[in-house]
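One letter stands for each residue in the lines below.
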Amino acid sequence: MGKYNGINITRLSKYNFDYISIEEVLVLEYLVQYHLKNMLDLVVPNRIEIQTGIRRTKIDNALNALSEKKFISINLVKRRPHYTIHFDNIVNQLSKIFVKENRYGYQYYIAIQNPNAIKSKKSKLAIVQSDKNKTTNIAPKSKTKGAPKQISLFD
């Protein structure tokens, strides 16, 4: 795999391989990782082949299958493919994509589809936590020089 292209093995084991092949899953995960880094324009089949080790024919078959399922669309611009991931279609098909309902898989694709919803939940959580921190007593700093005294959980 490429330097920063990680695939969650736990999530990979929960896919329904009767509906989606392993090559399709790997290519989809690869495209999603590049989408998250805002580098989807750099992806070409040769790069997928080099970084994943999947043969070019299997990559082409996986890309065609993903476009038939309407998970991605491929547009040629100056003889170079540009991929677009349709997260709405993926989220609508999650019950078929995964073997059984998988909370983390659902959250993963929904978070990518609508990152503002996740950000607003995190910001609300941060506000609640900051309010809690304001009400708690904060221990004064030690006046001793050198390393601060270590606190043990077992005191």
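Note: the structure precedes this text.
Given the structure is predicted, the values throughout are model-derived calculations rather than measurements. (Residues numbered from 1 in each chain as written. Predicted model: local features only at pLDDT ≥ 70, side-chain atom pairs only at ≥ 80, totals over all residues. Heavy atoms only, no water.)

A.B. asks: Can you help me understand the packing of aromatic side chains in this one?
C.D. replies: Here a ring pair, both rings aromatic, is described through the centre-centre distance and the interplanar angle of the planes. Applying the stated criterion across every chain yields a total of two aromatic pairs. Across the ring face of Tyr 34, the terminal group of Lys 37 is positioned such that the distance to the ring centre comes to 4.4 Å. (Phe/Tyr/Trp six-rings, centres within 6.5 Å; stacked < 30°, edge-to-face > 60°. Lys NZ or Arg CZ within 6 Å of the ring centre and 35° of its normal.)

A.B. asks: Honestly, the pattern of salt bridges in this entry has me stumped. Any pointers?
C.D. replies: Any two side chains of opposite charge can pair if their charged atoms end up close together. On inspection of all chains with the given rule, the structure shows three salt bridges. Between Glu 24 and Lys 69 there is a salt bridge; the shortest N-O distance is 2.7 Å. Residue Glu 24 is located in helix 2 (residues 22–36), and its partner Lys 69 is located in the loop between helix 4 (56–68) and strand 1 (72–77); the two are separated by 45 residues in the primary sequence. For Glu 24, a relative accessible area of 9% corresponds to the buried category. Its salt-bridge partner being Asp 60, residue Arg 56 comes within 3.3 Å of it at the nearest N-O pair. Residue Arg 56 and its partner Asp 60 are located together in helix 4, separated by four residues, close to a single helical turn. For Arg 56, a relative accessible area of 32% translates into the label partly exposed. (Salt bridge = Lys/Arg side-chain N within 4 Å of Asp/Glu carboxyl O. Helix = DSSP H or I, 4+ residues; strand = E, 2+ residues; numbered from the N terminus. Buried < 20%, exposed > 50% of the residue type's maximum accessible area, 1.4 Å probe, protein only.)

A.B. asks: Can you walk me through the pairing of strand 1 in this structure?
C.D. replies: Consecutive residues of a regular strand have side chains that alternate between opposite faces of the sheet. Note: strand 1 against strand 2 (residues 80–85), six bridges, orientation antiparallel. Note that in strand 2 the partner of Ile 74 across the bridge is Tyr 83. Connecting strand 1 to the antiparallel partner strand 2 that follows it, the hairpin turn spans two residues, and Lys 78 within it adopts a positive phi of roughly 55°. (Pairing = 2+ DSSP bridges.)

A.B. asks: What should I look at first to understand helix 3 (residues 45–52) in this one?
C.D. replies: For an α-helix, the turn length of 3.6 residues means that residues three or four places apart are oriented alike. Taken as a whole, helix 3 has its buried residues at Pro 45, Ile 48 and Gln 51. Projected onto a plane normal to the axis of helix 3, the buried residues spread over an arc of 135° and lie on a single side. Against the buried residues of helix 3 lie helix 2, helix 4 and strand 2. Where helix 3 terminates, the next one or two residues include Gly 53, which has phi positive at roughly 85°. (Arc of directions from axis to C-beta. Contact = heavy atoms within 4.5 Å.)

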